[in-house]
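Spelled out from the first residue to the last, the chains are:
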Amino acid sequence: MTVTAILEDSLLEAHVKTRENQREEEEERFNSSPPPHPQTLSESNNRPEYASFFAVMGASAAMVCSAPRAAYGTVKSGAGIAAMSLMRLELIMKSIIPVVMAGIIAIYGLVVAVLIASSLNDDISLYRSCLQLSAGLSLGPSGLAAGFAIGIVGNAGVRATVQQPRLFMGMILTLIFAEVLSLYGLIVALILSTK
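Participant: What is the right way to read a nonpolar patch on the surface from this model?
Facilitator: Taken together, the side chains of Leu 181, Leu 183, Tyr 184, Ile 187 and Ile 191 present a nonpolar region at the surface, about 460 Å² in accessible area. Within the secondary structure, Leu 183 is located in helix α6 (residues 168-193). The class of Leu 183 is partly exposed, set by a relative accessible area of 31%.

Participant: Explanation requested: the environment of Gly 58 in the structure shown.
Facilitator: Structurally, Gly 58 can be placed in helix α3 (residues 51-85). Dropping the residues within four chain positions of it, Gly 58 is found in contact with Ile 116, Gln 132, Leu 133 and Gly 136.

Participant: Help me understand the environment of Arg 128, please; the structure alone is not making it clear to me.
Facilitator: Note that Arg 128 resides in helix α5 (residues 126-163). Under the relative-accessibility criterion, Arg 128 is labelled partly exposed at 23%. When neighbours within four sequence positions are excluded, Arg 128 is seen to be in contact with Ser 119, Ser 193 and Lys 195.

Participant: Help me out: how do you make sense of the packing of aromatic side chains in this one?
Facilitator: Between two aromatic rings, the relevant description is the distance of the centres plus the angle of the planes. Taken as a whole and assessed by the stated rule, the structure comprises three aromatic pairs. Centre to centre, the rings of Phe 53 and Phe 54 are 5.7 Å apart; their planes meet at 70°, and the pair counts as edge-to-face. With 5.5 Å between their ring centres and 15° between their planes, Tyr 72 and Phe 148 make a pair best called stacked. Of the two residues, Tyr 72 is situated in helix α3 and Phe 148 in helix α5; the sequence distance between them amounts to 76 residues. On the accessibility criterion, Tyr 72 (26% relative accessible area) is partly exposed. Taken together through their ring pairs, the aromatic side chains of Tyr 50, Phe 53 and Phe 54 make up a single cluster.

The rules we used
- Residues numbered from 1 in each chain as written.
- Predicted model: local features only at pLDDT ≥ 70, side-chain atom pairs only at ≥ 80, totals over all residues.
- Heavy atoms only, no water.
- Patch = residues over 30% accessible without salt bridge, like charges linked within 9 Å, V, L, I, M, F, W, Y side chains within 5 Å.
- Areas by Shrake-Rupley, 256 points an atom, 1.4 Å probe, with all protein chains shown as cover.
- Salt bridge = Lys/Arg side-chain N within 4 Å of Asp/Glu carboxyl O.
- Helix = DSSP H or I, 4+ residues; strand = E, 2+ residues; numbered from the N terminus.
- Buried < 20%, exposed > 50% of the residue type's maximum accessible area, 1.4 Å probe, protein only.
- Contact = heavy atoms within 4.5 Å.
- Phe/Tyr/Trp six-rings, centres within 6.5 Å; stacked < 30°, edge-to-face > 60°.

Shown next as structure tokens:
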């Protein structure tokens, strides 16, 4: 054998031994590090960065749906009160009940939005965030419907009360049943947001 062949063989053996040593060191490092804890792994999968987006959308839905319909109920009832007061001024304070009931719908939306916003943090879970979204979506459309009903019933009711005062109790009962629609949404939203 020539010197060159001997050198090539020794270099090849050294290279193989170096690769084997590196592979053994990598295996030792891999085996020595503990596997990730299962709870930590599931928590990291359950808390993505975008999870808080759904909770924020729930708070927004609670306010965006309930406040405009409360304003609608106030405007429609206020127009009826203004028309009614031209004929019988003494009935104004008695007829302001629809305006108050319409304002309560916006308060329901505010309560749920504040509850959702106060529970927001950086590491909110996706499950909790979806609960907050469903809480906002349960109150928002129910407040939307209640404000619409209160506006129409309040407008027609106060105008009719001028001509027939005995209709007042019927108007109040109808307004109560219209208000209860948003109260149902509030109850479901409170259950979901505090779960």
